[in-house]
There are 2 protein chains.
Amino acid sequence: MLSGTNLPRVGGYNQAVVLDAIRTTGQVSRVELAALTGLTNQTVSNVVRKLLDAGLVAESGQAPSSGGKRRTLLSMRADGAFAVGVHLDPEAAVIVVVDLAGDVVGSRRLRLTDPGDPDDVVDRVARAAGRLVDRSGVDRSRLLGLGIAAPGPLDGTSGAVVSPPNFPGWGRVPLAGMFAEATGLPVALDNDATAAAIGERWIGGADRAGSFLFIYVGTGIGAGIVLNNTVLHGDSGNAGEFGHMAVEPGDRVCHCGATDCLGPYCSPPALIDDLLRLHGRAAADRIGLTGAPDSVHHDWKALRRATRTGDPAACDVIRRAARRIGEAARGAASLLDVSRVVLGGEALHGIEPIMREEIDAAVNRTSVARTIRAVTVEQSVIGDTVGAVGAASLVLHGNYAPGWRMLTDVSG
Amino acid sequence: MLSGTNLPRVGGYNQAVVLDAIRTTGQVSRVELAALTGLTNQTVSNVVRKLLDAGLVAESGQAPSSGGKRRTLLSMRADGAFAVGVHLDPEAAVIVVVDLAGDVVGSRRLRLTDPGDPDDVVDRVARAAGRLVDRSGVDRSRLLGLGIAAPGPLDGTSGAVVSPPNFPGWGRVPLAGMFAEATGLPVALDNDATAAAIGERWIGGADRAGSFLFIYVGTGIGAGIVLNNTVLHGDSGNAGEFGHMAVEPGDRVCHCGATDCLGPYCSPPALIDDLLRLHGRAAADRIGLTGAPDSVHHDWKALRRATRTGDPAACDVIRRAARRIGEAARGAASLLDVSRVVLGGEALHGIEPIMREEIDAAVNRTSVARTIRAVTVEQSVIGDTVGAVGAASLVLHGNYAPGWRMLTDVSG
DNA sequence: TGACTTCATCCATCAATTGGATTTAGCTGA
DNA sequence: TCAGCTAAATCCAATTGATGGATGAAGTCA
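Predicted, not measured: the structure shown is a model, and the values here were computed from it.

Novice: Could you clarify how one ought to interpret the overall build of chain A in this entry?
Specialist: What chain A contains, in helices and strands, is 13 helices and 16 strands. What you see for chain A is a C-alpha radius of gyration of 22 Å, in line with the 22 Å of a compact globule of 412 residues. Each principal axis of the C-alpha distribution contributes one length, and for chain A these read about 75 × 55 × 45 Å. Scored against the burial criterion, the 412 residues of chain A give a buried share of 58%. When contacts within chain A are restricted to residue pairs at least 6 apart in sequence, those whose partners lie at least 24 apart make up 61%. For chain A, the accessible area works out to roughly 15400 Å², and carbon and sulfur atoms hold 50% of it. Put simply, chain A has 40 plus and 44 minus side-chain charges, and the middle of one group is 6 Å from the middle of the other.

Below is the structure:
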């Protein structure tokens, strides 16, 4: 059931609205804020004073006069708040410290030699995060919390991941609680694609306002959905699962038994296998693939490198996968009616042009796209660390993003 | 940019929250409302008084005492407000008058002998709607407006439909404005599937609270998306387009050039054609299909009737289509992470069991569905007139549904 | 009949926005 | 150079809406 609201929440909401407007525009005056938010000048003045007192924004200059008193420009104070972000991946954990402006003020990569034991992983990551915070010299009282981006399904209600792919031996692991205990910080948990989408929304300014579909290419493929500046979590916290979108069936079988799920056709092992089957050993040798089961990570990198340099066999394999992703993206974009698709993830390296081309062609084919509004396909404004930065943004977003949530449920 | 809010809107919002709670529960006391909405008893008391004064709710009995004073039960006053709903279809327009409780207090069906001229259609429908309102004896001062459910793409910003399918000669028709002028009422316009979903949300009570995906089977196939009690409109007002979801490709070509769009594989003409191709003339004769291009409506009815009586050829054709719809639904449900799928639309008659079976199997196959939460597949609680009732609900929803919209943008 | 419960409301208070008046600061032209 | 103008930002009183505690209303139970 929907909750009612009260005045303190309204105040918090309007503060968040103003903060959001300052963030997305970069620099604005109070009058402009009033126009943007629909609030009166007086209210904006009050709200801004609170934000100044809280150290979240600063007066950062003056605009040239337009006939009267010059406007004093306001901008985000980068050191107003910080958050730690952790992107957990089977191969390594990427840890970042991000300031309110979205800039990374500290980062490190922690190789997970033995990812089989959740307790050990949490312990090591938590300690590394603590050291990173110290080293970055951030004011601990301004550290809002820690965000985690984890692959695969999670149980949103309890803050647990459930059998994440490529984490052998991990069953149901209450990651959020474990990190909260290990660090003493408030913790937010989301899947990597959703976290990346929030990061994009948080950092991307006006270019990422409104609604978009984020397609995340990492260990697997996933999507993050932002609608009307609000992220979609879904009933169980698993919104954006992209791997079960239907595509042209082939001979790859999903865990779920279907032969038409997107996931199995664009996983790294599948693409390496494709290359061997379609283009033979010679092409694989030329590219530098071993084809051994334990060198998937290496081979996947080599395949992408070869794609970047234009190797025809590599490009062919990537393009086949990109086409299937395009089919899925077409369905998703037309279902959600978004006019923007954003691509990101660390595994996008080398394959962006082909991905972008195929997805662009697919999503712009529908009648709505052609007659009512086109769909733009862009790359992440954050880049490689979008997972970790997104994880940190979970915390910032949770604290300062205006939304429904602020009005109805403070706990969320 | 997001708008701020102010106190009157907060008041309206809390009123809507309380009204929504009364509506979804059917009958509740003030204390229960306080618990449900998180508001204080005092506030609920105040809000309820306003709703009583406005004639939107009524005291409708008393609950047995639980040790103290008996609670006075509140329920929606059905005659508190009314809305007209029009479902525009190439074959006929269905017009209904709906009260605040969602009951149909008047309805009629208007055959569109010559749907080629938008002006004529609007004129005839508007006059018929006026007569229906008079005949239903509703207090005109309590008539909130007129909702239109139209097929196909629309331009949400201007309230126009754009080349709706099967309306020959209709280009870009500003339906909303035309109906507003013809009736003098506030007008809401949405596509049929979205309208049906809102109707379901409005009328379905607790069973349709939260989030769900509505699959609408009418002239074409479409979806309506309700997330956190709020309908998704999308950037251009076309959210829920289901016809371009990717499915197993065959030899049917979509307008967009693809052979893997769902739409062409489950349109009535395609299914009739399927039956002829796969099961031959004999089966068609048995079922009563003519196969002539101008008797699609008749043939489609016959095919569904035959399916209901268990004709194997008919069932086979329907099942093939249902499987493809299931593929698309699986992707949509896992992308949105909804735990409920609702089926409706006037063309569902006769084919519900097969549709439900196939869709249920498909959406419950994914890992999230199996390990975290199952997906229930249900039929519309409204039934055949879900399009028209949904159209009327657009108006009721727009006036009384609590949401984001009430807090940020009064115009929307 | 009296003690206890629960429902519902009254009253003073608090928090937040609003509208109008006022102050601050810069521009412009005689 | 100074008065007149314009625009930005703030001050102040009023209004609206939720809150917490106290009070009244209606029933139950021993």
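Novice: Explain the packing of aromatic side chains to me, please; I cannot follow it from the model alone.
Specialist: The geometry of an aromatic ring pair comes down to the distance between the two centres and the angle between the two planes. In this structure the tally under the stated criterion is two aromatic pairs over all chains. Judged by centre distance (4.6 Å) and plane angle (45°), the ring pair of Phe167 of chain A and Trp170 of chain A falls under tilted. Grouping residues by exposure puts Phe167 of chain A and Trp170 of chain A together as buried. Directly above the ring of Trp202 of chain A sits Arg23 of chain A, whose terminal nitrogen or CZ lies 3.5 Å from the centroid. Against the face of Trp300 of chain B rests Arg304 of chain B, its NZ or CZ located 4.9 Å from the ring centre.

Novice: Is there a simple way to explain unusual backbone geometry in this structure?
Specialist: Residue and element names in this part refer to chain B. Phi at Asn228 is positive, roughly 50°, even though this residue is not glycine. Of note, Asn228 is situated in the loop between strand 13 (221–227) and strand 14 (230–231). Despite not being glycine, Asn229 has its phi angle at roughly 65°, a positive value. Of note, Asn229 is situated in the loop between strand 13 and strand 14. Judged by its relative accessible area of 12%, Asn229 falls in the buried class.

Novice: Is there a simple way to explain the interface of chain B and chain A in this structure?
Specialist: Interface extent is often summarised as the accessible area lost during association of the parts. Contact with chain B, which involves 70 residues of that partner, is made by 70 residues of chain A. Summing both sides of the interface, chain B and chain A together bury roughly 5600 Å²; the carbon and sulfur share of this comes to 62%. Put simply, chain B and chain A have two salt bridges between them. Among the ionic pairs, Asp260 of chain B bridges to Arg330 of chain A, the shortest N-O distance being 3.0 Å. Inspection of the region where chain B meets chain A yields 22 residue pairs in polar contact (both at pLDDT 80 or more). Listed by contribution, the elements that provide at least two residues to the side of chain B that touches chain A are helix 1 (7–25), helix 2 (30–37), strand 8 (154–155), strand 13, helix 9 (312–336), helix 11 (367–371) and helix 13 (404–408) of chain B. A per-element tally of the side of chain B that touches chain A places helix 1 of chain B first, with eight residues.

Novice: Looking at this structure, I do not really get the state of the cysteines. What am I missing?
Specialist: Here a disulfide denotes a covalent bond joining the sulfur atom of one cysteine to the sulfur atom of another. On inspection of all chains with the given rule, the structure shows zero disulfides over all chains. Left without a disulfide partner, Cys261 of chain A is nearest to the cysteine sulfur of Cys256 of chain A, which lies 3.6 Å away.

Novice: When you look at helix 10 (residues 352–363) of chain A in this model, what are you seeing that I'm missing?
Specialist: Every α-helix winds through 3.6 residues per turn, so residues three or four apart in the chain are directed the same way. Residue and element names in this part refer to chain A. Compared with the 16 Å implied by 1.5 Å per residue over 12 residues, the 16 Å span of helix 10 between its first and last C-alpha is a close match. For helix 10, the full list of buried residues reads Glu352, Ile354, Met355, Glu358, Ile359, Ala362 and Val363. Along the long axis of helix 10, the arc covered by the buried residues comes to 165°, so they all point the same way. Looking at the packing, one finds that the buried side of helix 10 touches strand 12 (212–217), helix 8 (296–308), helix 9 (312–336), strand 15 (340–344), helix 11 (367–371) and strand 16 (376–379).

Novice: Hey, could you run me through the protein's contact with DNA strand C in this one?
Specialist: Within the structure, DNA strand C sits among 26 residues, and Asn14 and Arg70 of chain A together with Gln42, Ser45 and Thr72 of chain B are positioned closest to it. Sugar and phosphate atoms form 70% of the subset of DNA strand C atoms that lie within 4 Å of the protein. In this structure, Thr43 of chain A approaches DNA strand C through a side-chain N or O atom, which is 2.8 Å from a phosphate oxygen. In this structure, a phosphate oxygen belonging to DNA strand C sits 2.5 Å away from a side-chain N or O atom of Thr72 of chain B. Counting residues per element, the ones that place at least two in the surface near DNA strand C are helix 1 (7–25) and helix 3 (41–53) of chain A together with helix 2 and helix 3 (41–53) of chain B. Here the element with the most residues in the surface near DNA strand C is helix 3 of chain B; it accounts for four residues. Split by residue class, the surface near DNA strand C holds four nonpolar, 14 polar and eight charged.

Novice: How do you make sense of the protein's contact with DNA strand D when you look at a structure like this?
Specialist: Within the structure, DNA strand D sits among 27 residues, and Gln42, Ser45 and Thr72 of chain A together with Asn14 and Arg70 of chain B are positioned closest to it. Taking the atoms of DNA strand D that fall within 4 Å of the protein, sugar and phosphate contribute 67% of them. Thr72 of chain A is positioned such that a nitrogen or oxygen atom in its side chain is 2.6 Å from a phosphate oxygen of DNA strand D. Going through the elements one at a time, helix 2 (30–37) and helix 3 of chain A together with helix 1 and helix 3 of chain B are the ones with two or more residues in the surface near DNA strand D. Here the residues of the surface near DNA strand D sort into four nonpolar, 15 polar and eight charged.

Novice: Explain the relation of the copies chain B and chain A to me, please; I cannot follow it from the model alone.
Specialist: Taken together, a rotation about one axis and a shift along it account for how the two chain copies relate. By a simple turn and slide, chain B fits onto chain A: the slide is 0.0 Å along the axis, the RMSD is 0.1 Å, and the turn is 180°. What the rotation and shift describe, once combined, is the action of a two-fold rotation axis. Of every C-alpha in chain B, the one belonging to Glu248 of chain B sits nearest the axis of rotation, 2.6 Å from it. Comparing contact sets, 100% of the residues at the interface of chain B also lie at the interface in chain A, consistent with an isologous, same-surface contact.

Novice: Where do I start with the environment of Thr366 of chain A in this structure?
Specialist: Tracing the backbone shows Thr366 of chain A in the loop between helix 10 and helix 11. Judged by its relative accessible area of 4%, Thr366 of chain A is buried. Sequence separation of Thr366 of chain A and Leu213 of chain A is 153 residues, and the distance between their C-alpha atoms is 16 Å. Setting aside residues up to four positions removed in sequence, Thr366 of chain A forms contacts with Arg330 and Ser334 of chain A together with His244 and Cys256 of chain B.

Novice: What is the right way to read helix 12 (residues 386–400) of chain A from this model?
Specialist: Residues and elements named next belong to chain A. With 15 residues, helix 12 should cover 21 Å at 1.5 Å per step; its first-to-last C-alpha distance of 19 Å lies within 8% of that length. Along helix 12, the sharpest kink reaches roughly 25°, centred on Ala392. Burial runs high along helix 12: 13 of the 15 residues are buried.

Novice: I'm lost on the sheet that holds strand 9 (residues 160–162) of chain A in this one. Help?
Specialist: Strands in a sheet are paired, the pairing made by backbone hydrogen bonds, and the direction either parallel or antiparallel. Residue and element names in this part refer to chain A. Taken in spatial order, the three strands make up an open sheet running 8-9-10, and their pairing is antiparallel. Taken across any chain shown, the strands that pair with only one partner, and hence form the sheet edges, are strand 8 (154–155) and strand 10 (172–173). By the bridge criterion, two bridges tie strand 8 to strand 9 in an arrangement that is antiparallel. Following the sheet pairing, Asp155 is matched in strand 9 by Ala160.

So, how was this worked out
- Residues numbered from 1 in each chain as written.
- Chains lettered and ligands numbered in written order.
- Predicted model: local features only at pLDDT ≥ 70, side-chain atom pairs only at ≥ 80, totals over all residues.
- Heavy atoms only, no water.
- Helix = DSSP H or I, 4+ residues; strand = E, 2+ residues; numbered from the N terminus.
- Rg over C-alpha atoms; globule rule 2.2 N^0.38 Å.
- Buried < 20%, exposed > 50% of the residue type's maximum accessible area, 1.4 Å probe, protein only.
- Contact = heavy atoms within 4.5 Å.
- Areas by Shrake-Rupley, 256 points an atom, 1.4 Å probe, with all protein chains shown as cover.
- Lys, Arg positive; Asp, Glu negative; His and termini not counted.
- Charge placed at Lys NZ, Arg CZ, Asp CG, Glu CD.
- Phe/Tyr/Trp six-rings, centres within 6.5 Å; stacked < 30°, edge-to-face > 60°.
- Lys NZ or Arg CZ within 6 Å of the ring centre and 35° of its normal.
- Buried area = accessible area lost by both parts, 1.4 Å probe.
- Salt bridge = Lys/Arg side-chain N within 4 Å of Asp/Glu carboxyl O.
- Polar contact = N/O pair within 3.5 Å; in protein donor to acceptor, adjacent residues only side chain to side chain.
- Disulfide = S-S within 2.5 Å.
- Expected span 1.5 Å × (residues − 1).
- Arc of directions from axis to C-beta.
- Near = heavy atom within 4 Å.
- Nonpolar A, V, L, I, M, F, W, Y, C, P; charged D, E, K, R; others polar.
- Least-squares fit on C-alpha atoms with pLDDT ≥ 70 in both.
- Bend = angle between axes of the 7 residues up to and from the residue.
- Pairing = 2+ DSSP bridges.

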